[in-house]
Amino acid sequence: MMSETHYDVVVIGAGPVGCVAALAMKQIGLSTAVLEVQSEKSEISDGRTLALSWNSYLILNRLNIWSSNEEKFPISRIQISDRGHFGQSIVSASDVQLPKLGFVVRFKDLLPRLRKQLSQQQVKTLFEASANSIERYKDHSKITLDINGTSSEITTRLVVMADGGQSLNIAGLKFKKTVEYGHDAIVGIITSDSKPSDMAYERFTNSGPIALLPRGNEYAFVWSVPSTESVDLLNQPESRFLDAFQHAFGDRCGRFTSIREKKSYSLATRIAEQPSDGGTVIIGNASQALHPIAAQGLNLGLRDAWDLAEVCGAIKNEHLASRDTVNKFRKKRRWDRLQTTLFSTGLNRLFSSKLSSIFGARGLGLLGLDLVPLAKKLIIRQLIFGPKL
Ligand SMILES: Cc1cc2nc3c(=O)[nH]c(=O)nc-3n(C[C@H](O)[C@H](O)[C@H](O)COP(=O)(O)OP(=O)(O)OC[C@H]3O[C@@H](n4cnc5c(N)ncnc54)[C@H](O)[C@@H]3O)c2cc1C
C-alpha cells in the first residue's frame with residue numbers, strides 16, 4: 001500500500017550531520033522529516049572519539065543539543081610533532097583568542113543524544129526506513145522508501161542527502177574522486193602512568209599519524225597503520241599492543257599501561273559530485289569523506305548543515321526546490337570544503353612521504369608555524385571556523 005506525506009525538507013540519514021541539519025531546519029520553522037535505515041533501538045557500537053572544534057560546540061549549543069558533561073573534556077592545546085625528526089609546534093586556544101580549541105566527544109554518546117533530540121523537537125523521524133529512489137518534479141521531489149519491507153512515498157521541496165555517501169546513486173550522483181590510502185585507523189582508549197591534561201597530541205610516525213585526545217584520566221587514540229598490519233595489531237594481546245604503540249608514539253605521555261575498545265576503520269578520501277539541478281543538496285560525509293588525520297570530517301559536516309539552514313532561512317519556502325537555492329548553498333560552502341579537504345589530504349601526503357628532502361621541509365614547517373604566529377593563527381581559525389572569520 002502506498003501513502004504520501006509532504007514536507008519542506010526531507011533529510012536522508014540520521015547520522016550526526018543529518019540530525020543537526022534536521023534540527024537546524026526545525027529551528028527556522030521548516031516542516032522536516034528524517035529517514036534512517038538503522039533501527040531506533042540499534043546499539044551504537046561505534047568506537048570513534050571525536051575532536052569537536054569550538055565552532056562545532058557553538059553550533060550544537062545554539063541548537064540546544066550540547067551537553068555540559070562534554071565540557072569536562074576540553075582541548076586547550078595541541079602538540080604537533082614528527083617522531084624521530086626535529087621540529088614541533090604547540091597550538092593553543094590563546095593563539096586564536098578562544099576559551100578552548102574544542103572538546104573530546106565519543107561518537108556513541110553524541111549520536112543517541114542527537115537522535116533523542118529529534119523526537120523531543122518533534123521532527124518526524126522514520127527509523128528502519130531506507131530511501132530507495134528519488135524522482136524530481138518541477139517544484140518537489142518524490143522519495144520512495146522501504147519501511148520494514150513495505151513501500152511508501154514521501155514528497156518534499158528539498159532533499160538533503162546526509163547518508164554518509166552510502167546511497168548517492170539514488171540522487172543520480174557518484175563519487176568523482178576516491179583516494180584509498182591502504183591504511184586503517186585503529187581507534188581505542190588507552191591509559192598511561194602520566195595524567196592527561198588539556199593537551200591533545202598529533203604525532204607523525206613512520207607507520208602513520210597518531211592522535212591522542214585527552215579524556216579525563218585516559219586518552220582516546222587514532223593510529224593510522226598500513227592495512228596489512230592492522231588485523232595483526234588488533235589481535236595482539238594487550239602487552240604486545242601496548243609495546244607497539246609505545247614504540248610508535250614514544251614517551252611524551254609516559255608509559256602506556258592499559259588499552260581497551262580497539263576497533264579499526266579503513267581510510268579513504270571520497271569527494272562526491274555536487275547536484276547541479278534544483279531540489280537536492282548533499283552534506284557531511286556524503287559530500288566529502290576525509291582522512292581523519294586533521295579531525296575535520298564531522299566539524300566540516302556540521303558547518304555544511306548550519307550553512308544550509310542559513311541559506312534556507314533566508315528564502316521563501318516555495319523557493320526551496322529551485323536551482324538557485326542549491327547554487328547559493330554550493331557557493332557558500334565552496335571555499336570551506338575545498339580548503340579543509342586540501343588541508344586534510346595535503347597534511348597526510350606531507351607526513352607520509354618517505355623522501356628525505358621532505359623530512360627537512362616538514363620539520364621547518366612545524367618550526368615555522370611557531371615562528372610566524374599570524375600564519376599559525378590563520379590556519380587554526382580556518383580549521384575551526386572555515387573561511388569566514
Ligand atoms: C577513525 C575516525 C576518526 C574520526 N575523528 C574525527 C574527529 O576527531 N573530528 C571530526 O570532525 N571528524 C572525525 N571523523 C569523521 C566523522 O566521524 C565523520 O565525518 C562523521 O561521522 C560523518 O557523519 P555523517 O552524518 O555525514 O555520516 P554518517 O555518520 O555515515 O551517517 C549517515 C547515516 O545515513 C544512513 N543512511 C545511509 N543511506 C541511507 C538511506 N538510503 N536511507 C536512509 N538512511 C540512510 C546511515 O545508516 C547513517 O546513519 C573521524 C572518522 C574516523 C573514521
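Each remark here, short or long, concerns the structure printed above.
Here the structure is a predicted model, which is why all the values come from computation and not from measurement. (Residues numbered from 1 in each chain as written. Predicted model: local features only at pLDDT ≥ 70, side-chain atom pairs only at ≥ 80, totals over all residues.)

## Topic: the sheet that holds strand S5 (residues 77-82)
Stated precisely, the cut-off is as follows: The pairing criterion is simple: DSSP has to find at least two bridges between the two strands. A run of DSSP states H or I qualifies as a helix once it reaches four residues; a run of E qualifies as a strand once it reaches two. Both are numbered from the N-terminal end. Contacts here follow a simple rule: the backbone-placed C-beta atoms of the two residues must lie within 7 Å. Axis definition: a line fitted to C-alpha atoms, over the contacting stretch in the case of helices. Angles run 0 to 180 degrees between N-to-C directions.
Pairing within the open sheet is mixed, and its eight strands lie in the order S6-S5-S13-S14-S15-S12-S16-S18. Two strands bound the open sheet, and with one partner strand each, they are strand S6 (88-92) and strand S18 (288-289). Taken together, the two bridges between strand S16 (residues 256-272) and S18 define a ladder with antiparallel strand orientation. Directly across from Ile 271, in S18, lies its bridge partner Gln 288. Contacts from helix H5 (residues 238-249) reach strand S12 (175-192), strand S13 (199-204), strand S14 (209-215), strand S15 (218-226) and S16 within the one sheet, and its direction differs from that of S16 by about 60 degrees.

## Observations regarding the site of the ligand
Put simply, the rule is: Whether a residue is near a molecule or strand depends on its C-beta atom, generated from backbone atoms, being within 6 Å of that molecule or strand. Polar here means any residue other than Ala, Val, Leu, Ile, Met, Phe, Trp, Tyr, Cys and Pro, which are nonpolar, and Asp, Glu, Lys and Arg, which are charged; Gly is therefore polar.
Taken together, 34 residues sit near the ligand, with Gly 13, Gly 15, Gly 164, Gly 284 and Gly 297 positioned nearest. Mapped by element, the contributors of at least two residues to the shell around the ligand are helix H1 (16-27), strand S2 (32-36), strand S3 (49-53), strand S9 (129-136), S12 and helix H6 (297-313). With four residues, the top contributor of residues to the shell around the ligand is H6. Of the residues in the shell around the ligand, the class split is 17 nonpolar, 14 polar and three charged.

## Quick word on the sheet that holds strand S4 (residues 74-75)
Taking strand neighbours across the sheet as the criterion, the three strands line up as S3-S7-S4 in an open arrangement whose pairing is antiparallel. The sheet is open, and its two borders are formed by S3 and S4, each paired with just one other strand. Relative to strand S7 (residues 102-106), S4 is paired through two bridges, and the arrangement is antiparallel. When the bridges of S7 are listed, Pro 74 appears paired with Phe 103. With respect to the sheet, helix H3 (residues 107-120) is in contact with S3 and S7, its orientation differing from that of S7 by roughly 85 degrees.

## What about the nonpolar core?
Condition: Put simply, a nonpolar core is a cluster of buried Ala, Val, Leu, Ile, Met, Phe, Trp, Tyr and Cys residues tied together by C-beta atoms within 7 Å. Residue burial here comes from a neighbour count, namely the number of other C-beta atoms, placed from the backbone, that lie within 10 Å of the residue's own C-beta, with 20 or more meaning buried, 12 or fewer meaning exposed, and in between meaning partly exposed.
Core analysis: the largest hydrophobic core is formed by 100 residues, its most contacted members being Val 10, Val 20, Ala 21, Val 160, Phe 221, Ile 283 and Ala 305. Non-local contacts of Ala 21, meaning those with residues more than four positions away in its chain, are made with Val 11, Val 160, Ala 162, Ile 283, Ala 305, Leu 308 and Ala 309.

## Things to note about the environment of Asn 206
For Asn 206, the position within the fold is in the loop between S13 and S14. Residues Asn 206 and Val 225, spaced 19 residues apart in sequence, show a C-alpha to C-alpha distance of 9.4 Å.

## A few points about the pairing of S14
When you tally the buried positions in S14, you get six out of seven residues, the bulk of the element. Bridge count between S13 and S14: four bridges; the pairing is antiparallel. By the bridge assignment for S14, Phe 204 is matched with Pro 209. Between S13 and S14, which follow one another and run antiparallel, lie four residues, and Gly 208 among them has a positive phi close to 150 degrees.

## Side note on the pairing of S15
With respect to burial, S15 is a largely interior element, eight of its nine residues being buried. Here S12 runs beside S15; their pairing, made up of eight bridges, is antiparallel. Paired with Ile 190 across the two strands is Tyr 219, which belongs to S15. The pairing of S14 with S15 spans six bridges and is antiparallel. Residue pairing across strands places Ile 210 opposite Trp 223, the latter belonging to S15. Between S14 and S15, which pair antiparallel and follow one another directly, the connecting turn spans two residues, one of which, Gly 216, has a positive phi of 65 degrees.

## Topic: the packing of helix H2 (residues 54-62) against H6
Heads up, the condition is: What sets the label is the angle itself: under 35 degrees gives roughly parallel, over 145 gives roughly antiparallel, 65 to 115 gives roughly perpendicular, and the rest give oblique. Note: crossing handedness is left-handed where the near helix turns anticlockwise from the far helix by less than a right angle, and right-handed where it turns clockwise.
Interaxial distance between H2 and H6 falls to 9 Å at its minimum, and their mutual angle equals 40 degrees. One way to sum up the angle between H2 and H6 is to call them oblique. By crossing handedness, the relation of H2 to H6 is classed as left-handed. Of the residues in H6, those in contact with Asn 55, Ser 56 and Ile 59 of H2 are Asn 299, Leu 302, Arg 303 and Trp 306. Classifying every residue of the contact of H2 with H6 gives three nonpolar, three polar and one charged.

## Examining the environment of Pro 214
Looking at where Pro 214 falls in the secondary structure, it is placed in strand S14. Residue Pro 214 is classed as buried on the basis of its C-beta count, with 22 C-beta atoms lying within 10 Å. For the pair Pro 214 and Phe 73, spaced 141 residues apart in sequence, the C-alpha separation works out to 7.0 Å. Contact partners of Pro 214, with chain neighbours within four places excluded, come to Phe 73, Val 104, Pro 196, Ser 197, Asp 198, Met 199, Ala 200 and Tyr 219.

## Here we look at the packing of H1 against H6
Contact geometry of H1 with H6 gives a least axis separation of 9 Å together with a crossing angle of 25 degrees. Classified by the angle their axes make, H1 and H6 are roughly parallel. The two elements H1 and H6 meet at a crossing, and its hand is right-handed. For the pair H1 and H6, contact is made by Pro 16, Val 17, Val 20, Ala 21, Ala 24 and Met 25 and by Leu 298, Gly 301, Leu 302, Asp 304, Ala 305, Trp 306, Leu 308, Ala 309 and Cys 312, respectively. Class assignment of the residues belonging to the contact of H1 with H6 gives a composition of 13 nonpolar, one polar and one charged.

Any functional reading would require information beyond the geometric quantities listed.
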